[in-house]
Amino acid sequence: MLKKIFILFFITLLTTTAFALDKSIIRAECRRLLQDTNSQRWTNAVLDARMEMAQIDIVMKSKCLQGTTTYLVYQSTKEYTLPTDLLFTERVSFQIGTSTNNYEILPRWSLLGLDNDNSYWQNISPGKPLKYYIWGNEIGLVPPASASYAGADKLQIH
């Protein structure tokens, strides 16, 4: 039986072909679709930039590259720098306690929403983080973590 499975696997490897396009083939197809074959109004650099933008758009819409990042949370630190390869946040969660690996989902708030909820939200004393916001390339916790909620792998970003 094992021999038959191995032979079937080997035949599948021999008959399967990989279909991959390199950048010049994609660029030529773009020129054909744009009807830009003779005059070439679009430079290679512009077409390459548009292809990279399309790749990012495909990744965002298909969610084919997903991952989880954990953070070391420091006492009284309000903001943390997001990873450079982060396209969007699916959810953010915070570890419930030190003895468990259970995480509680934090709701995302806008700065305007935080201002409307409590105009002194930036001065709240440290405690258990209950909300988060994203501003530029940073994620902020409201309130910042106190000593009992600080530690490794406390904050998860999916």
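Above this text is the structure in question.
These remarks concern the structure in this document. (Residues numbered from 1 in each chain as written. Predicted model: local features only at pLDDT ≥ 70, side-chain atom pairs only at ≥ 80, totals over all residues. Heavy atoms only, no water.)

## Quick notes on the environment of Gly151
Line of reasoning, step 1. Mapping Gly151 onto the fold places it in strand E7 (residues 151-157).
Line of reasoning, step 2. Residues Gly151 and Tyr71, 80 residues apart in the sequence, show an inter-C-alpha distance of 8.5 Å. (Helix = DSSP H or I, 4+ residues; strand = E, 2+ residues; numbered from the N terminus.)

## Re the packing of aromatic side chains
Line of reasoning, step 1. What the rule picks out here adds up to three aromatic pairs.
Line of reasoning, step 2. Ring plane angle 75 degrees and centroid distance 5.3 Å describe the contact between Trp121 and Tyr133, whose orientation is recorded as edge-to-face. You can see Trp121 sitting in the loop between helix H4 (111-117) and strand E5 (131-135) and its partner Tyr133 sitting in strand E5, a full twelve residues away along the chain.
Line of reasoning, step 3. For Trp121, a relative accessible area of 8% translates into the label buried.
Line of reasoning, step 4. Residue class for Tyr133 comes out buried when judged on its relative accessible area of 5%.
Line of reasoning, step 5. The ring of Trp109 is capped by Lys131, whose NZ or CZ atom sits 4.1 Å from the centre of that ring. (Phe/Tyr/Trp six-rings, centres within 6.5 Å; stacked < 30°, edge-to-face > 60°. Buried < 20%, exposed > 50% of the residue type's maximum accessible area, 1.4 Å probe, protein only. Lys NZ or Arg CZ within 6 Å of the ring centre and 35° of its normal.)

## Observations regarding the pairing of E5
Line of reasoning, step 1. Bridge count for E5 against strand E6 (residues 138-142) is five bridges, and the pairing is antiparallel. Pairing of Trp135 across the sheet is with Glu138, part of E6.
Line of reasoning, step 2. A loop of two residues connects E5 with E6, the two strands running antiparallel in sequence, and Gly136 in this loop sits at a positive phi of about 65 degrees. (Pairing = 2+ DSSP bridges.)

## Quick word on the pattern of salt bridges
Any two side chains of opposite charge can pair if their charged atoms end up close together.
Line of reasoning, step 1. Inspection of the entire model under this criterion finds eight salt bridges.
Line of reasoning, step 2. In this structure, Glu52 engages Lys23 in a salt bridge whose closest nitrogen and oxygen atoms are separated by 3.6 Å. Here the residue Glu52 occupies a position in helix H3 (residues 44-62), and Lys23 occupies one in helix H2 (residues 23-33), the gap between them amounting to 29 residues.
Line of reasoning, step 3. With relative accessibility at 40%, the residue Lys23 sits in the partly exposed group.
Line of reasoning, step 4. One connected set of salt bridges, linked through shared partners, spans Arg31, Asp36 and Arg41. (Salt bridge = Lys/Arg side-chain N within 4 Å of Asp/Glu carboxyl O.)

## Some points on the nonpolar core
Line of reasoning, step 1. Judged by nonpolar contacts, the single largest core of 13 residues is most densely connected at Val73, Val92, Phe94, Leu106, Ile139, Leu141 and Leu155.
Line of reasoning, step 2. Elements with a contribution of two residues or more to this core: strand E1 (69-73), strand E3 (92-95), E6 and E7.
Line of reasoning, step 3. Contact partners of Val73, with chain neighbours within four places excluded, come to Tyr80, Phe94, Leu141, Ala145, Tyr149, Ala150, Gly151, Lys154 and Leu155. (Core = buried A, V, L, I, M, F, W, Y, C linked by side-chain atoms within 4.5 Å. Contact = heavy atoms within 4.5 Å.)

## Remarks on the sheet that holds E3
Line of reasoning, step 1. Here four strands make up an open sheet; going across it, the order is E1-E7-E3-E4 and the pairing antiparallel. Bordering the open sheet on either side are E1 and strand E4 (103-106), each of which pairs with just one other strand. Within the sheet, the average angular offset between the axes of one strand and its neighbour, ignoring direction, is 35 degrees.
Line of reasoning, step 2. With four bridges joining them, E3 and E4 adopt antiparallel strand pairing. Counterpart to Ser93 in the pairing with E4 is Ile105. (Axes fitted to C-alpha atoms, helices over the stretch in contact; angles between N-to-C directions.)

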